Structure formats: structure tokens, C-alpha cells
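# What the coordinates show
Listed below, chain by chain, are the residues.
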Number of protein chains: 2
Amino acid sequence: MAPAAERVTIETPVHDEPENLPDPLPEPSVDDLQLEKVLGALADPLRLTIVRKLMLESENYDHTCGWFGFDRPKSSLTHHFKALRQAGLIRQRQYGLERRSRVRTEDLNQRFPGLLDLVTAWHEV
Amino acid sequence: MAPAAERVTIETPVHDEPENLPDPLPEPSVDDLQLEKVLGALADPLRLTIVRKLMLESENYDHTCGWFGFDRPKSSLTHHFKALRQAGLIRQRQYGLERRSRVRTEDLNQRFPGLLDLVTAWHEV
DNA sequence: TGCTTAGTTCGAGAAAACTCGAACTTAGCA
DNA sequence: TGCTAAGTTCGAGTTTTCTCGAACTAAGCA
């Protein structure tokens, strides 16, 4: 979390992130997160699995949807990842052909403290 | 079977309820509560309102659906209360013609600690 | 007895979500 | 230059959910 101070110019927003990440795909801002939407996005075993696995196994790397190893058609995965992103649960960035995801942990803990604990506590089917 | 209350001191029994309550309508047992189902049931503004209002304003009484004052057809309310009951969020008992509801606070706190806090923290639309 | 009340079930239409194949896009690479 | 990989969008079929009216049920009561 060390701020990379040198390169930050005045007019660019301050990220304490690694350099030069691609911009996130469109997502709701923290203030626009809606509990109903968030709960609805999590009301699906596959999506619950995605979020949980990202939190428990991702070791600070973002992951492609291939990483999860789901045996589903690609278009289905696109559908579910998009649902998670549009509800504000994950952030997605494009790296060349790959689209990598992470959980918006800080945002979610700020707006809905305790929510992610429920996800991690969820015992897999 | 969990070991019974050997180490409980002089505490009053947890249920200081009035006797002779009518049996609850069919509902999932604590162990059968599923996070996906619970979240799905809460992923609706009206149902979120029901649970929240029951928790914040019900002063230990169970309430009929009329108490909420929703301007919706009765069959719609039946639908949503049933959804909440089948997901395990509320317990319903029949008193004559009236069907009264309460939140299954203990069960939910046991299985999904923190969940109900999210509901109470939800700021109304 | 019949009326009112607080619900229910049933059924149908509308809207939303899930699932998936097919065709497409594009970055990287040999 | 063209192949491959990791995704996307589109569209259709299926399923689920929402919504609500209509008809029904049963308790309480004058």
C-alpha cells in the first residue's frame, strides 16, 4: 500500500496501486452501490463461488475467468462476471485479451461492513 | 445435539415467550438455511423493507401484513411474505384469520452473523 | 344467519434472469 | 501473414420471478 509518490502529477487521481493499471471497466461508484443489487448478485451459487474464491485464493493478483476453472460456456461466464461488476462486487481490468477481476473489498467493507465475511464464511456446496 | 446449557448460570431461559403460540407455518430449519436463498430473498426492496421494519419497529410483537401499510394487492403481499418465510427470514404464525410475522433473529444471527446488521443499516429509498 | 375482514390459492401476462451456441474481436506470436 | 487464445456481443429458448385480478376460505361478530 506504499504510495508511489514520484510519478503522480497534480491532476491525476491518487492511486496507491501499482503503476499503469488499465482503467477499470465501467462500474458503479462506491456511493452508488445498492444493497439490493449487491445481494441479488450474490444470490447465485456460481457468483458466490467467484467472489469467495477471489477473496480466499487470489493472493493479491487479479484473475481471469479461465483461472476459476469453471466448466461452463464462455458466454455464460461473461454474463455472470458482468453481473458481479455491474452490481459493484468486482472490478475488472483489461490486459490485452484477458479481463482480470478482483473483489472491491475496500468499497464493500466501507458501504456494507460484514457482507464479505458472510461470503467467506459460506461453505461450499 | 449440542451439549445442553450446563454452564449457563442463572440466566432466564432464552424464550420468555407467552405460552400457547400457534405453530409456525412450514419453514426451513436453522441448519437448512442457505445463504444464496437468504440473499435472494433480500434482493428486493419491498422484502428488505419488510424485514427492516419488523426489526426496527416491531417492539416484540409479531405483525400482520396489514400493519406495514403497503399499497399493494393482497396477493402480492402473500407472495413476498411467503418468499421471506421459505428463505427462512421470517417466521409466521396464524392467529385466527391473521397471519403474523417476525424476523428469525436468533437463527439468522447464528447462521449468518452480521447479515441482519446490513438490513438495519439499509437506508430507505 | 349473513356480513366483514384478513388473508389464501389459482392463473395468466409481463418482465427478468439463466443458459448456451454461433459468430465476432483483438492481442500476441510464430 | 495467418493461427490461436481469451474473451465479447447477439439472439433464442427456457426458466424464474413479479404483479395482480378473481374467486375462495375461515374467524369473529351483530
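Chain A appears in an unreviewed UniProt entry as Transcriptional regulator from Cryobacterium algoritolerans.

## A few points about the protein's contact with DNA strand C
In the vicinity of DNA strand C lie 20 residues, with His 80 and Leu 97 of chain A together with Lys 74, Thr 78 and Leu 97 of chain B positioned nearest. A breakdown of the atoms of DNA strand C within 4 Å of the protein gives sugar and phosphate a share of 51%. Take Ser 75 of chain A: an N or O atom from its side chain is 2.9 Å from a base oxygen of DNA strand C. Only α3 (74-87) of chain A together with α3 (74-87) and β2 (98-103) of chain B provide two or more residues apiece to the surface near DNA strand C. Looking at the surface near DNA strand C residue by residue, the class counts come to four nonpolar, nine polar and seven charged.

## A short note on the protein's contact with DNA strand D
In the region of DNA strand D, 20 residues are neighbours, and Lys 74 and Thr 78 of chain A together with Arg 47, Ser 75 and His 80 of chain B sit closest. Of what DNA strand D places within 4 Å of the protein, 49% of the atoms are sugar or phosphate. In the environment of DNA strand D, a phosphate oxygen lies 3.1 Å from a nitrogen or oxygen atom belonging to the side chain of Arg 99 of chain A. The separation between a phosphate oxygen of DNA strand D and a polar side-chain atom of His 80 of chain B is 2.9 Å. Those elements that provide at least two residues to the surface near DNA strand D are α3 and β2 (98-103) of chain A together with α3 of chain B. Grouping the constituent residues of the surface near DNA strand D by class yields four nonpolar, nine polar and seven charged.

## Details of the interface of chain A and chain B
Every contact between the two is made by 15 residues of chain A and, on the other side, 15 residues of chain B. Note on chain A versus chain B: buried area summed over both sides is about 1,300 Å², and carbon and sulfur give 81% of it. The largest per-residue losses of area from chain A upon contact with chain B belong to Glu 36, Leu 39 and Leu 118 of chain A, which jointly make up 44% of the total buried on that side. Our count for the chain A to chain B interface comes out at zero salt bridges.

## A word on the relation of the copies chain A and chain B
Taken as rigid bodies, chain A and chain B are interconverted by a rotation of 180 degrees and an axial shift of 0.0 Å, the fit giving an RMSD of 0.0 Å. The operation mapping one copy onto its partner corresponds to a two-fold rotation axis.

## A short note on the pattern of salt bridges
Counted according to the given criterion, the structure contains twelve salt bridges over all chains. Between Glu 27 of chain A and Arg 104 of chain A there is a salt bridge, with the nearest N and O atoms lying 3.8 Å from each other. One end of the pair, Glu 27 of chain A, is in the segment before α1 (35-42); the other, Arg 104 of chain A, is in the loop between β2 and α4 (105-111), and 77 residues separate them in sequence. A relative accessible area of 3% means that Arg 104 of chain A is categorised as buried. With its nearest N and O atoms 3.4 Å apart, the salt bridge here joins Arg 91 of chain B to Asp 107 of chain B. On the criterion of sequence distance, the pair formed by Arg 91 of chain B in strand β1 (residues 90-95) and Asp 107 of chain B in helix α4 (residues 105-111) is long-range, its members being 16 residues apart. According to the relative accessible area criterion, Arg 91 of chain B is partly exposed, its value standing at 21%. In this structure Asp 107 of chain B comes out as buried when scored by relative accessible area, which is 14%. Connected through shared salt-bridge partners, Glu 27, Arg 91, Arg 104 and Asp 107 of chain A make up one network.

## Considerations on the pairing of β1 of chain B
All names here are of chain B. Pairing of β1 with β2 involves six bridges; the strand directions are antiparallel. Residue pairing for β2: Gln 94 is matched across the bridge by Arg 99. Count of turn residues in the β1/β2 antiparallel hairpin: two residues, of which Gly 96 carries a positive phi of about 60 degrees.

Calculation criteria
- Residues numbered from 1 in each chain as written.
- Chains lettered and ligands numbered in written order.
- Predicted model: local features only at pLDDT ≥ 70, side-chain atom pairs only at ≥ 80, totals over all residues.
- Heavy atoms only, no water.
- Near = heavy atom within 4 Å.
- Polar contact = N/O pair within 3.5 Å; in protein donor to acceptor, adjacent residues only side chain to side chain.
- Helix = DSSP H or I, 4+ residues; strand = E, 2+ residues; numbered from the N terminus.
- Nonpolar A, V, L, I, M, F, W, Y, C, P; charged D, E, K, R; others polar.
- Contact = heavy atoms within 4.5 Å.
- Buried area = accessible area lost by both parts, 1.4 Å probe.
- Salt bridge = Lys/Arg side-chain N within 4 Å of Asp/Glu carboxyl O.
- Least-squares fit on C-alpha atoms with pLDDT ≥ 70 in both.
- Buried < 20%, exposed > 50% of the residue type's maximum accessible area, 1.4 Å probe, protein only.
- Pairing = 2+ DSSP bridges.

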